[in-house]
Amino acid sequence: MPTILLSPIVAGILAQVIKFIVKSNKQELNWKNLLGYSGMPSGHSAMVIALASITGLELGWNTPLFAVTVILAIVVIRDALGIRRYMGRHGRTLNVLIKDLGEDKMLDEEYPHLLEHVGHTPAQVIVGSLIGLIISLLIFMV
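Residues numbered from 1 in each chain as written. Predicted model: local features only at pLDDT ≥ 70, side-chain atom pairs only at ≥ 80, totals over all residues. Heavy atoms only, no water.

Peer 1: Quick question: what am I supposed to make of helix α2 (residues 43-59) here?
Peer 2: Structural remark: α-helix, 3.6 residues per turn; residues separated by three or four positions point the same way. Taking 1.5 Å of rise per residue, 17 residues should cover 24 Å, and α2 covers 24 Å from first to last C-alpha, within 8% of that figure. Within α2 the residues assigned to the buried category are Gly43, Ser45, Ala46, Val48, Ile49, Ala50, Ala52, Ser53, Ile54, Thr55 and Gly56. One or two positions beyond α2, positive phi appears at glycine 60, with a value near 110°. (Helix = DSSP H or I, 4+ residues; strand = E, 2+ residues; numbered from the N terminus. Expected span 1.5 Å × (residues − 1). Buried < 20%, exposed > 50% of the residue type's maximum accessible area, 1.4 Å probe, protein only.)

Pasting the structure below:
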């Protein structure tokens with residue numbers, strides 16, 4: 001398997017396993033956490049930083065493909081920090097509003113409980129990015 005494909009896959013899997021362990025220490029063991037969106041560290045950040053890093057290491061830092069992977073990483077990380085966190089706040093607010101309307105079967109059927117944790121904090125993105133960078137360096141050296 002080419003290192004440009006292997007590096008982000010390994011980084012993403014490692015980040016998700018770490019996230020699963022961290023969440024399992026804080027709450028009851030839940031296999032959904034293995035594929036969860038938010039939490040420490042960011043799996044998306046780990047993957048895109050690993051992709052950009054291994055692309056730069058393998059193909060060069062002054063190539064069009066490296067530039068594309070850096071732009072992709074910026075878009076994904078900005079999305080995790082901004083839009084997805086904002087969506088989580090909206091979900092939390094809407095869940096409270098629906099709950100305040102009282103018990104109503106129609107409300108429960110029409111308005112399902114929304115996810116409240118879909119984005120990342122800056123610390124989660126930084127740790128995920130470090131995982132991606134370290135995995136890329138290790139795979140490149142091997």
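Peer 1: What am I meant to see in the nonpolar core here?
Peer 2: In globular proteins that are soluble, nonpolar side chains generally tend to be buried together. Residues Ala11, Ala15, Ala46, Ala50, Ile131, Ile135 and Ile139 constitute the largest nonpolar core, which totals 7 residues. Among the elements of the structure, α1 (3-26), α2 and α6 (122-141) are those that each provide at least two residues to this core. Ranked by residue count, the leading element in this core is α6, at 3 residues. Setting aside residues up to four positions removed in sequence, isoleucine 131 forms contacts with Ala11, Leu14, Ala15, Ile18, Pro41 and Ala46. (Core = buried A, V, L, I, M, F, W, Y, C linked by side-chain atoms within 4.5 Å. Contact = heavy atoms within 4.5 Å.)

Peer 1: Would you mind showing me how to read α6 here?
Peer 2: For α6, with 20 residues, the first-to-last C-alpha span of 29 Å sits near the 28 Å given by 1.5 Å per residue. Where α6 is concerned, the buried positions are Gln124, Val125, Gly128, Ser129, Ile131, Gly132, Ile135, Ser136 and Ile139. Around the axis of α6, the buried residues are gathered within 155° of arc, so they sit on the same side. Away from the buried face of α6 by more than 90 degrees, exposed residues Ile126 and Met141 are located. (Arc of directions from axis to C-beta.)

Peer 1: It is not clear to me how the side chain of serine 53 should be interpreted in this structure. Could you clarify?
Peer 2: Tracing the sequence through the fold places serine 53 in helix α2. Of the residues examined, serine 53 reaches a relative accessible area of 8% and is grouped as buried. Excluding residues that lie within four positions of it along the chain, serine 53 makes contacts with Trp61, Leu133 and Ser136.

Peer 1: Quick question: what am I supposed to make of a nonpolar patch on the surface here?
Peer 2: Residues Ile126, Leu130, Leu133, Ile134, Leu137, Leu138, Phe140 and Met141 make up a contiguous nonpolar surface patch of about 750 Å² in total accessible area. Counting through the fold element by element, isoleucine 126 comes out in helix α6. (Patch = residues over 30% accessible without salt bridge, like charges linked within 9 Å, V, L, I, M, F, W, Y side chains within 5 Å. Areas by Shrake-Rupley, 256 points an atom, 1.4 Å probe, with all protein chains shown as cover. Salt bridge = Lys/Arg side-chain N within 4 Å of Asp/Glu carboxyl O.)

Peer 1: Any chance you could explain the packing of aromatic side chains here in plain terms?
Peer 2: Two aromatic rings, taken as a pair, are described by how far apart their centres are and by the angle between their planes. For the structure shown, the criterion picks out 1 aromatic pair. When the ring of tryptophan 61 is compared with that of phenylalanine 66, the centres are 5.0 Å apart and the planes differ by 90°; the resulting orientation is edge-to-face. Overall, phenylalanine 66 belongs to the buried group, its relative accessible area being 16%. (Phe/Tyr/Trp six-rings, centres within 6.5 Å; stacked < 30°, edge-to-face > 60°.)

Peer 1: What am I meant to see in the packing of α2 against helix α3 (residues 64-81) here?
Peer 2: Where α2 meets α3, the axes come as close as 9 Å, and the angle between the chain directions of the two elements is 165°. When the axis of α2 is compared with that of α3, the two are roughly antiparallel. In this structure, α2 meets α3 at a crossing whose hand is left-handed. On α3, the residues touching His44, Ser45, Val48, Ile49, Leu51, Ala52, Thr55, Gly56 and Leu59 of α2 are Leu65, Phe66, Thr69, Val70, Leu72, Ala73, Val76 and Ile77. (Axes fitted to C-alpha atoms, helices over the stretch in contact; angles between N-to-C directions. Parallel < 35°, antiparallel > 145°, perpendicular 65-115°, else oblique. Left-handed = near helix turned anticlockwise from the far one by under 90°.)

Peer 1: Would you explain the packing of α2 against α6 in this entry?
Peer 2: Each packed pair of helices is defined by two parameters, the angle between the axes and the distance between the axes. Where α2 meets α6, the closest approach of the two axes is 7 Å, and the angle between their N-to-C directions is 35°. Taken as a pair, α2 and α6 cross one another with a handedness that is right-handed. Residues Ser45, Ala46, Ile49, Ala50, Ser53, Ile54, Leu57 and Glu58 of α2 pack against Val125, Gly128, Ser129, Ile131, Gly132, Leu133, Ser136, Leu137 and Phe140 of α6. Its residues placed into classes, the contact of α2 with α6 shows 10 nonpolar, 6 polar and 1 charged. (Nonpolar A, V, L, I, M, F, W, Y, C, P; charged D, E, K, R; others polar.)

Function-wise, these values are silent; they only describe arrangement.
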